[in-house]
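The primary structure of each chain is shown beneath.
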Amino acid sequence: MKPARAARLSVWGRIVTAVPLGYAATSLLVMALARLLPGDRAQATVLATLLSFGIYAALIVYVFAASSARKAFFVTLALAALGGGITWLSIASGGRL
Amino acid sequence: MTLLALLVAVAAFASLALSMEKHHQDLLKKRPLPRDRRAFRIAGWAGLVLSYALTVASWGAAMGSILWFGLLSLAAALVLLTLSRIAARPSAKR
Amino acid sequence: MSAGFRQSQSSLHTWSGLIVGWVLFTIFLMGTVSYWREDINRWMRPELAGAERPEQVVAGAVAYLRDKAPDAKNWFISVPGKHEAGASLFWQPRPVEGQPPRRGRRDTQALVGADGQPLHARDTRGGEFFYRFHFDLHYVPVIWARWFVGFCAMAMLVAIISGVITHKKIFKDFFTFRREKGQRTWLDGHNATAVLALPFHLMITYTGLVTLMTLYMPWAAVANYSQTDKLFDALFPSAGEVVRAEKPAPLVDLVPLMRDARARWGGREIGTIRVAEPGDAAARVTITASQTDSISVRTPSIAYSGATGRVIWQSDGAQSAAEAAGVMIGLHAGRYAPDLLRWLYFLSGIGGTVMVGSGLVLWTVKRREKLPDPIRPHFGFRLVERLNIGFVAGLPLAMTGYLWANRLLPVEMEGRADWEIHAMFLVWGAALLAGFLRPAKRAWVEQFALTGAALIALPLHDLAGGRELIGAGMAGDMRMVAMNLTLLVLGGAFLLMAQKVHRYRPKAKRARKVPKAPEAQAMLEAAE
């Protein structure tokens, strides 16, 4: 693969990782946060939501700073899995209001 | 009081500018000594704190804090425009 | 901080900024002028007299509603602020069996004065149009618009963060603004407007996202609640549904209730009044405090029985995170801001608009230096350069066109409110087209100059018309005087910009590695 093409694919890869996959990962992490934050459920929900935009922005910055597009992808995927896993376990054991 | 806070902020930013090599040179036509730089820097930060205190004294903590950021932007802009005008003068060109 | 990290952030900054730059420029400009929307509302309804006492206006509103919609399910009255004339009100008609509820119909709203009569002013969306546009856009479904605007806001947030990371010498360069140095000047201008009001830009972008967070990030609610209604009830407790008693009872006078509410709140102004089931024994009057007296938009409410005037329910204060959210939204909207702070908001917003605009121009200035063939730049460059004109110069021109349409369209014209808006888009379309067809530099100058002249001509036109405006000035309506002065100053600023662009001659470049053909150089100069 020519270097220019590889570079373009790498950038597009990062964009796909950052924007849609990043949104999914952020959402799952925010769900986990909403479950884990102590105190009143309504307040925990609001707080997690307030933080979400900072989390998403930080994730996007990371994806473009990561040493490779592949690494960025797997880290984002892992974060999504982490968020999803925690959320699922928490709901399965504690239920929702 | 708010006007005073603004003027203090302007003076503070001017002092901070003077603590920097480039602007010190443009304004005072000489290289700053390290102790001058430190003095201007301390005066500048002190001025910012003073302007914050003046603003909060007038407006209360919440409103005062918000207003202070606005005053800072205005003060910094005024200092920046003045500095750039001075630096652009033919006499300043080397 | 590694060079590679900084470089990656620099590219991220440029691309995230450019892709949504034109939309962000629009959002910033529309949002910034919206800090004066009440004044723009008044300016666009010059027939109206100044503000009247809220209690009298509410009494008039109730009289009107009693006459017009005595059996409505709900009345909603917006109590006028200090600088507004008349109460804007709407009602929810009794739902008819089998018919779906009607929403947002023009025939269930009115603007009413203290005498209980609808205020006669030209039909216009006023400053509200600019305000709604900056998140709802126009001509498109509102949900699409909000998602698109949210996407752009996220890009802005990323651009701010990556911009700060990229700007290595952010403090060393804090006061640097090198004039007449071409690309350096644009860069310094972009940096200066960005850095000097950085707290504002960061705040406005983040809080803008928070304002629509239930749309953008509903997942936390999904994680904790099986139905989001439960979260809503937990966060915004109310006195519950009003169940009609089917027993008529006259509605109490609202003015004593207003006074009671204000006394309980330590003198805060009233924002809105809702009357549920007016004329019924189960009627309820819910009075909510105005957003002008606290930073948070979550303001207290008190519910009174509409038949007896007794207090039924009072809201509690919002708790930690909910209060934080309310404060964040309040910071964005700035409704709490007294005039001095409002001016600072406005100036910071202008700074933000200039930041985005200068960023867009900087992109072309930087790329122009690297063009292999300056006469026939590649399509991407041409597109950006020409769209820049249509937006950065064209949008202000279009917005001025909206104000002019308000003055020129016949007052009795059918649908004139919509046509004022169409006029704005027509001017904008023409500007965009001109941006593509005219030589670039000339297009900039023409549109800036036209905007400047048009802005200055507005108060002059009003003066020449004699009319209400002079009357308002004589009555000591300083706000309208200030509004007109602002139009004059802004107009002057645009004329100044036109002059600067007109006089701009790019400095002779240093010898390039690939020397330009003499004909190419001559053609370049002729194009300016």
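Since we're looking at a predicted model, the values are computed, not measured. (Residues numbered from 1 in each chain as written. Chains lettered and ligands numbered in written order. Predicted model: local features only at pLDDT ≥ 70, side-chain atom pairs only at ≥ 80, totals over all residues.)

A few points about the overall build of chain A
A count of helical and extended segments in chain A gives three helices and zero strands. Secondary structure of chain A in N-to-C order comes out as α-α-α. Along the three orthogonal principal directions, the C-alpha set of chain A runs to about 55 × 25 × 15 Å. Excluding contacts between residues fewer than 6 apart, the proportion of contacts in chain A whose partners are at least 24 apart in sequence is 76%. (Helix = DSSP H or I, 4+ residues; strand = E, 2+ residues; numbered from the N terminus. Contact = placed C-beta atoms within 7 Å.)

Remarks on the arrangement of the chains
When the two pairs of chains in contact are ranked by number of contacts, first place goes to chains A and C. At their nearest point, the C-alpha atoms of chain A and chain B are still 20 Å apart, with no contact between the two.

Observations concerning the interface of chain A and chain C
Residue-level contacts link 28 residues of chain A with 32 residues of chain C. Going through the elements one at a time, α1 (3–36), α2 (41–65) and α3 (69–94) of chain A are the ones with two or more residues in the side of chain A that touches chain C. Of the residues in the side of chain A that touches chain C, the class split is 18 nonpolar, six polar and four charged. (Nonpolar A, V, L, I, M, F, W, Y, C, P; charged D, E, K, R; others polar.)

As for the interface of chain B and chain C
Each side of the interface is counted separately: chain B has 18 residues, and chain C has 15 residues. At the level of elements, α1 (2–18) and α4 (61–88) of chain B are the ones that each hand at least two residues to the side of chain B that touches chain C. Top element by residues in the side of chain B that touches chain C is α4(B). It accounts for 14 residues. Counted by class, the side of chain B that touches chain C contains 13 nonpolar, five polar and no charged residues.

A look at the packing of helix α2 (residues 21–33) of chain C against helix α15 (residues 379–408) of chain C
Residue and element names in this part refer to chain C. The contact between α2 and α15 brings their axes to 10 Å, and the two run at 10°. The orientation of α2 with respect to α15, classified from their angle, is roughly parallel. Two secondary-structure elements touch here, α2 through W22, F25, T26 and L29 and α15 through L387, F391, V392, L395 and P396. Here the contact of α2 with α15 is built from residues that sort into eight nonpolar, one polar and no charged. (Axes fitted to C-alpha atoms, helices over the stretch in contact; angles between N-to-C directions. Parallel < 35°, antiparallel > 145°, perpendicular 65-115°, else oblique.)

Concerning the UniProt feature "transmembrane region" (unreviewed entry) in chain A
Residue and element names in this part refer to chain A. The UniProt record marks residues 12–34, 46–65 and 72–91 with the feature "transmembrane region" (unreviewed entry), using the residue numbering of this structure. The annotated region residues 12–34 carries 100% helix and 0% strand content, and the separation between its end C-alpha atoms amounts to 31 Å. Regarding residues 72–91, the helix share stands at 100% and the strand share at 0%, and the terminal C-alpha atoms are separated by 28 Å. (UniProt positions renumbered as here; feature names shortened; annotations may be inferred.)

Here's the deal with the pairing of strand β7 (residues 311–314) of chain C
Looking along a regular strand, one sees side chains alternate from face to face of the sheet. Residues and elements named next belong to chain C. Of the strand pairs in this sheet, strand β6 (residues 301–305) and β7 are connected by three bridges, and their pairing is antiparallel. By the bridge assignment for β7, A303 is matched with W313. In sequence, β6 turns back onto β7 through a hairpin of five residues, with G309 there showing a positive phi of about 85°. (Pairing = 2+ DSSP bridges.)

Details of the nonpolar core
General note: in soluble globular proteins, nonpolar side chains tend to be found buried as a group. V30(A), A9(B), F13(B), A75(B), V79(B), L157(C) and V158(C) are the most contacted members of the largest nonpolar core, which has 162 residues in total. Ranked by residues supplied to this core, first place goes to α2(A) with 15 residues. Ignoring anything within four residues of it in the chain, the contact list for V158(C) reads A57(A), I60(A), V61(A), L12(C) and S16(C). Counting residues in hydrophobic clusters, the runner-up holds 40 residues, among them A69(C), W75(C), L251(C) and A303(C). (Core = buried A, V, L, I, M, F, W, Y, C linked by C-beta atoms within 7 Å. Buried ≥ 20, exposed ≤ 12 C-beta atoms within 10 Å, placed from the backbone.)

Section: the sheet that holds strand β5 (residues 284–289) of chain C
Residues and elements named next belong to chain C. With antiparallel pairing, the seven strands of this open sheet are ordered in space as β3-β2-β1-β4-β5-β6-β7. In this open sheet, the two edge strands, each paired with only one partner strand, are β3 (109–112) and β7. Pairs of neighbouring strands in the sheet enclose a mean axial angle of 20°, with direction left out of account. Pairing analysis gives five bridges linking strand β1 (residues 74–78) to strand β2 (residues 87–92), with the strands arranged antiparallel. Residue pairing across strands places I77 opposite L89, the latter belonging to β2. Here helix α4 (residues 54–68) sits on the sheet and contacts β1, β2, β3 and β4 (270–276); the angle it forms with β2, its principal contact strand, is near 30°. Here helix α12 (residues 254–264) sits on the sheet in contact with β4, β5 and β6, set at roughly 40° to β5.

Digging into the pairing of β5(C)
All names here are of chain C. Buried residues dominate β5, accounting for five of its six residues. Here six bridges tie β4 to β5, and the two strands are oriented antiparallel to one another. Note that in β5 the partner of A276 across the bridge is R284. Here five bridges tie β5 to β6, and the two strands are oriented antiparallel to one another. Bridge pairing in β6 links V285 to Y304.

Focus: the environment of P141(C)
All names here are of chain C. Along the chain, P141 turns up in the loop between α5 (126–136) and α6 (142–166). Given 10 C-beta atoms within 10 Å, P141 falls into the exposed group. C-alpha of P141 to C-alpha of V242: the two residues are 101 residues apart in sequence and 32 Å apart in space.

A look at helix α3 (residues 34–59) of chain B
In an α-helix, one full turn covers 3.6 residues, which means residues spaced three or four apart are oriented alike. All names here are of chain B. Helix length check: α3, at 26 residues, gives a terminal C-alpha distance of 38 Å against a target of 38 Å (1.5 Å per residue), a fit within 8%. Buried residues in α3 make contact with α1 and α4. Immediately beyond the C-terminal end of α3, within one or two residues, lies G60, with a positive phi of roughly 90°. (Expected span 1.5 Å × (residues − 1).)

Some details on the packing of α2(A) against α6(C)
Packing of α2(A) against α6(C) brings their axes to within 10 Å, and their N-to-C directions diverge by 60°. Between α2(A) and α6(C), the angle is such that the two are oblique. Pair α2(A) / α6(C) crosses with right-handed handedness. Across the interface between the two elements, F53(A), Y56(A), A57(A), I60(A) and V61(A) of α2(A) pack against M154(C), L157(C), V158(C), I161(C) and S162(C) of α6(C). Residues belonging to the contact of α2(A) with α6(C) are distributed by class as follows: nine nonpolar, one polar and no charged. (Left-handed = near helix turned anticlockwise from the far one by under 90°.)

Observations regarding the confidence of the model for chain C
All names here are of chain C. Looking at chain C, the pLDDT average stands at 87 and 92% of residues meet or exceed 70. Mean pLDDT across the elements of chain C bottoms out in helix α18 (residues 467–474) (51) and peaks in helix α9 (residues 213–216) (97). Under a pLDDT of 50 for its full length, residues 509–516 has, in the predicted model, one contact with residues more than four places off or in other chains. Listed scores for the predicted complex are pTM 0.90 and ipTM 0.95. (pLDDT = per-residue confidence, 0-100.)

Section: unusual backbone geometry
Even without glycine at this site, K29(B) takes up a positive phi of about 60°. Looking at the element boundaries, K29(B) is found in the loop between α2 (21–28) and α3. Take K29(B): there are 9 C-beta atoms within 10 Å of it, and that puts it in the exposed class. A positive phi angle, near 50°, is found at E277(C), a position not held by glycine. One can find E277(C) in the loop between β4 and β5.

Brief notes about the domain arrangement of chain C
Residues and elements named next belong to chain C. Once the domains are mapped, chain C shows domain 1 (3–44 + 128–212 + 338–503) and domain 2 (52–118 + 238–315). Taken together, the four residues of domain 1 in the interface contact four residues of domain 2. If one sorts the elements of the side of domain 1 that touches domain 2 by residue count, helix α3 (residues 37–43) sits on top with three residues. For the side of domain 1 that touches domain 2, the residue count by class is no nonpolar, no polar and four charged. (Domains from an automatic or database assignment.)

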